[in-house]
Amino acid sequence: MRFTAGDFADLLAVETLPAACAELAEAHDFHYDVPEGPSRDRIIRQVMEHIESDKPSKVGEHRAGIWESCWSDNLQKFVEGGYDPEKLVPDFIKPDQPIRLRQDYVIPRNPRFELDFFQVCRAFLFDQFFTETASVYEFGCGSGFNLLALAKQLPGKKLIGLDWSRSSNETLNLLGSKLDLPVTGRHFDFFEPDSDMKLDAGSGVLTMCALEQIGPRHERFVEFLLQKKPQVCVNMEPLLELYEDDNLVDYLAVRYHRKRGYLDGFLTSLRELAAAGRIEILDVRRFFFGSIYHEAYSYVAWRPL
């Protein structure tokens, strides 16, 4: 089977794909096989055994050292690779694995299927929400590979990558200077937001698989954004509220999500803020796509009022 450009249009609820999405959808191999019987059972057993093991570690502030080491390694690869942008792809996007698609497991024929599929979805978010913004702040930017993609798709914008890792900050500054892009890095801590930090008027805010690391402790960051009043906020994160309890593949994702202690109550909190008239929710969407263990690529777009 193949996930076609038409399938992406249906997924994104558009008649015609934005040009950047269409180009990516046609350029990459989205063929896959659907396992049945014992093959599917083996994947389910693998997922269950992983969840029940001690391998999935709890996320949180105590893992700051681990992320520093991760982004330090990524920085070293970037430098030693002659500032090759391909070296910025994070290690947590793993090739050659079963993935989740349409609430089931599939076997991609392309080892980069997850990364390539994510890139189509990411291009859609950029097109929909950042076309009119003069600057974009990505919080929890890691290697900066999302801002690199944004700089290529929508050139001319001021781009700021923020992360609690100093190695990430250095990577972003090198990304700007070595590739001649309007990108800079800056330190930021989700748990202790800098109240003195200013956002440019009419700016956009982006998080991608970053808030997942703070579990239920998202209130201070949201309050920070309410005070700074960006034009739009886009959070591509694992949103627990969008899973369906009566689907086994979703049920296992929920179990994994809770075992890791990932982002909890975020969408519910935003909906409460919208009901109170403090924000407007522009869109909520589940892409029905993810890695073998969960879906990290759903999103909510909103703006402070």
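Residues numbered from 1 in each chain as written. Predicted model: local features only at pLDDT ≥ 70, side-chain atom pairs only at ≥ 80, totals over all residues. Heavy atoms only, no water.

A.B. asks: Now, about the packing of aromatic side chains: what can you tell me, with residues and values included?
C.D. replies: Going through the model one piece at a time under the given rule, you end up with 27 aromatic pairs. Centroid distance Phe129 to Tyr299: 6.0 Å. Interplanar angle 70 degrees. Geometry classified as edge-to-face. On the criterion of sequence distance, the pair formed by Phe129 in helix 5 (residues 113-129) and Tyr299 in strand 11 (residues 298-304) is long-range, its members being 170 residues apart. Taking the relative accessible area as the measure of exposure, Phe129 reaches 14% and is therefore buried. Ring centres 5.6 Å apart and planes at 40 degrees place the aromatic pair Phe287 and Tyr299 in the tilted group. With a gap of 12 residues between them, Phe287 in the loop between strand 9 (279-285) and strand 10 (289-290) and Tyr299 in strand 11 connect regions that are remote in the sequence. Taken together, the aromatic side chains of Phe3, Phe8, Phe30, Tyr32, Phe113, Phe117, Phe118, Phe145, Phe289 and Tyr297 make up a single cluster linked through ring pairs. It is Arg122 that lies over the ring of Phe145; its NZ or CZ is 5.0 Å from the centre. (Phe/Tyr/Trp six-rings, centres within 6.5 Å; stacked < 30°, edge-to-face > 60°. Helix = DSSP H or I, 4+ residues; strand = E, 2+ residues; numbered from the N terminus. Buried < 20%, exposed > 50% of the residue type's maximum accessible area, 1.4 Å probe, protein only. Lys NZ or Arg CZ within 6 Å of the ring centre and 35° of its normal.)

A.B. asks: A description of the pairing of strand 5 (residues 158-163) should follow, citing residues and the corresponding values.
C.D. replies: It is a general feature of regular strands that their side chains alternate between the two faces of the sheet. With 5 of 6 residues buried, strand 5 lies mostly within the body of the structure. Pairing analysis gives 5 bridges linking strand 4 (residues 135-139) to strand 5, with the strands arranged parallel. What sits directly across from Tyr137, in strand 5, is Ile160. With helix 6 (residues 145-153) bridging strand 4 and the parallel strand 5, this β-α-β connection has right-handed handedness. Two strands pair when backbone bridges link them, and strand 5 and strand 6 (residues 183-187) are joined in this way by 5 bridges, in the parallel orientation. Residue pairing for strand 6: Ile160 is matched across the bridge by Thr184. (Pairing = 2+ DSSP bridges. Right-handed = clockwise from strand over helix to strand, strands pointing away.)

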